[in-house]
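# Examination of the molecular architecture
In case you want the letters, here they are:
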Amino acid sequence: QLAPCSRLVHPFFLLSHSRPSFIQLKPAIEDKTKAGRTTQKMESRRANLLLLAFLVFVIEACCFPFAANGLQTPSLRNVSKTRSLSYLRPTKQPFRTSHAATPTAQSCCDRRDIFLLGSSAVSYRDDAAKDPSRLNNLQSLLVKTMMVTYILSMCVALPITLFPVYLLHRTKLINRVQKEKMSLKVGQFCSRWLMRVFPFARKRVVVDKNDENMVDPQPCIWVCNHISLLDLFFVLALDKQMRGKSRRPIKILYWKGLESNLITRLLCKMCGFIPVNMADNGNGTANEYDPKSFKLMLKSTKSAIEEGFDIGILPEGQPNPTPERGLQPVYPGAFTLAKMSKRPIQMIALYGLHRMWHPDETIGMVCTHRDMAVRVYPKGRVYRSAEEFTATFEAVVGEFGAHGKDLPEEELNMWLDGSMWQTELKRRESVRLDSEDIELVPRNESCTIEARKEVS
């Protein structure tokens, strides 16, 4: 009951400077021993209420400034007081979508979320009737509080649980590969159980139980879309449901800039994840990779494959600020790794996490929904070209990431087995031949006219 008023100091001072009526003892009690026990119990309740009010007040007032470059929300010091509280109430400003062009009525109806440019406010009043699953102000506040508490708990739990593994490796009781595998299991355990303690998201995992890779996992390259700063936590927490109990250990390629945060640096280093140097030019802009780091990345990836690890990669390279409009440009690095290691590529799709922690810093932790979904696609295969991989990834994963559901079953199966790509190649060839025929017609006509002139 105190959560909606956590930004006001009144409940805190009411509890600290006055005694509520239910704490007062009844004068009719004659037994002094019983009265003393009752007083002690009521004082304990009062202390618990004080602690709860104080924790909620501190969390909401601080707004959780996270230190990492890749994991951060706008600090209240850089935002005006009016703007910092604007996400708690409906806005009266007209809608302006993040798309440069004016959207059609149909596209507005298809989109699940409409955010405002240059403001962290989200309109709840107009979208509540269209989307019943949209959170109101109180629900959004509670989900955000649980999410922040979960992240803070991970910051405490990871160093404590990883320290014994570090000591075992430091004393040379286990080797480096054993340390990385144990650290990965510890990180997955912490993420999975803390999500159960703080259930801020309603999770839905869609897998094909008949997939051979679930029963007898084979070495492969895993690719996934990138929609939020929460992606890593959910991939760790749901890995057991996504890839099965007998899953192989995995190493993920990550942006080296995340090492500026101590917790993410500790997790990535202990698990042996592979860093990639890239310029910090913001989400939604073209990636600028450091070519000098490619050699070290390929060397680390090759050694990880030889040590029995699967490889996880995010082909977009950065969080996507507009997943409802499809994927960002897909890079063919996963195809290169698969071709080098002669392994198949298997796809994973995430949906809904951007509606809890948006990659756009002007929106940040505005929780509009708490539903998320992950889809693990079967039939991992070896692609013949980089263009075939990027087209398949954009069609299959882009559809689920935008709408939370698959393509029609027949079309999906055609993309997964490669027949749709062959159809696409035939279509492009026919278009090319038609364009060449159109260019040849005026040339032939001009030739016949010149021939007639010569004959005459």
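Within every chain, residues take consecutive numbers counted from 1 along the sequence as written. Side-chain atom pairs in this predicted model are given and counted only at pLDDT of 80 or more, local residue features only at pLDDT of at least 70, and totals for whole chains, interfaces and linings cover all residues. Hydrogens and water are ignored here; the side-chain numbers use all heavy atoms of the structure.

### Points about the packing of helix H5 (residues 137–170) against helix H10 (residues 262–271)
Here H5 crosses H10 at 35°, and the two axes come no closer than 10 Å. Helix-helix and strand crossings are classified by hand; for H5 and H10 the assignment is left-handed. Where H5 abuts H10, its residues Met154, Cys155, Leu158, Pro159, Leu162, Val165 and Tyr166 lie against Ile263, Leu266, Leu267 and Met270. Three classes are used: nonpolar for Ala, Val, Leu, Ile, Met, Phe, Trp, Tyr, Cys and Pro, charged for Asp, Glu, Lys and Arg, and polar for all others, with Gly counted as polar. Residue classes in the contact of H5 with H10 are distributed as 11 nonpolar, no polar and no charged. Orientation is described by axes fitted as lines to C-alpha atoms, over the contacting stretch for helices, and by angles from 0 to 180 degrees between their N-to-C directions. Only runs of H or I of at least four residues qualify as helices and only runs of E of at least two qualify as strands under DSSP, and these elements are numbered from the N terminus. Should the near helix be turned counterclockwise from the far one by less than a right angle, the crossing is left-handed, whereas a clockwise turn marks it as right-handed. Whether two residues are in contact is decided by their heavy atoms: any pair within 4.5 Å suffices.

### Here's the deal with the pairing of strand S2 (residues 221–224)
Each residue is placed in one exposure class: buried if its accessible area under a 1.4 Å probe, protein chains only, is under 20% of its type's maximum, exposed if it is over 50%, and partly exposed if it falls in between. Alternating positions in S2 separate into two faces, Ile221 and Val223 on one and Trp222 and Cys224 on the other, with burial throughout. Any two strands with at least two DSSP-identified bridges between them are counted as paired. Two strands pair when backbone bridges link them, and S2 and strand S5 (residues 310–313) are joined in this way by three bridges, in the parallel orientation. Residue pairing across strands places Ile221 opposite Ile311, the latter belonging to S5. Relative to strand S6 (residues 345–351), S2 runs parallel, the two being bridged by four bridges. The residue of S6 that forms the bridge with Val223 is Met347.

### Notes on the layout of surface pockets
Here a cavity is any set of points on a 1 Å grid over the protein atoms alone where a 1.4 Å probe fits but cannot get out, and a pocket is any open set with protein on both sides within 12 Å along at least 5 of 7 lines; a residue lines the site when it has an atom within 4 Å of a point. Grid points are joined across faces, edges and corners, and a volume is the space filled by probe spheres set on the points. A volume near 330 Å³ is recorded for the second largest pocket. Around the second largest pocket, the lining comprises 21 residues; the ones closest to its centre are Phe273, Ile274, Pro275, Leu296 and Ser300. The greatest single-element share of the lining of the second largest pocket, amounting to seven residues, is contributed by helix H11 (residues 292–306). Within the lining of the second largest pocket, the residues separate by chemical class into nine nonpolar, five polar and seven charged.

### Thoughts on unusual backbone geometry
Comment: phi is negative for the bulk of residues other than glycine, and the bulk of peptide bonds are trans. One non-glycine residue, Lys172, lies in the positive phi region at around 65°. Of note, Lys172 is situated in the loop between H5 and helix H6 (176–197). Looking at Lys172, the relative accessible area reads 74%, which means it is exposed.

### Details of the side chain of Arg243
Residue placement: Arg243 occurs in helix H9 (residues 239–243). The class of Arg243 is buried, set by a relative accessible area of 4%. At 2.7 Å, the side chain of Arg243 forms a polar contact with the side chain of Asp239. The term polar contact refers here to a pair of N or O atoms within 3.5 Å; inside protein, the definition further demands a hydrogen-donor-capable atom paired with an acceptor-capable atom, and it admits residues adjacent in sequence only when both atoms are side-chain atoms. At a separation of 2.7 Å, a polar atom in the side chain of Arg243 contacts the main-chain carbonyl oxygen of Arg248. In contact with Arg243, other than residues within four places in its own chain, are Met214, Trp222, Arg248, Pro249, Ile250 and Asp310.

### Re the environment of Val235
Note that Val235 resides in helix H8 (residues 231–237). Here the alpha-carbon distance between Val235 and Cys224, two residues 11 residues apart in the chain, equals 9.7 Å. Setting aside residues no more than four positions away along its own chain, Val235 makes contact with Met242 and Ile252.

### Things to note about the pairing of strand S7 (residues 371–376)
Summarising burial for S7: five of the six residues are buried, a large majority. The sheet contact formed by strand S1 (residues 202–206) and S7 spans five bridges and is parallel. Looking across to S7, one finds that Val206 is bridged to Arg375. Where S6 meets S7, four bridges bridge the pair, whose relative direction is antiparallel. Its bridge partner lying in S7, Leu350 is registered against Val374.

### Structural notes on H10
Listed in full, the buried residues belonging to H10 are Ile263, Thr264, Leu267, Cys268, Met270 and Cys271. Looking at the buried residues of H10, the elements they touch are H5, H6, H8 and strand S3 (250–255). Capping the start of H10 is the job of one residue whose side-chain oxygen sits 3.0 Å from the backbone nitrogen of Ile263: Asn261. Positive phi appears at Gly272, one or two residues downstream of H10, with a value of about 75°.

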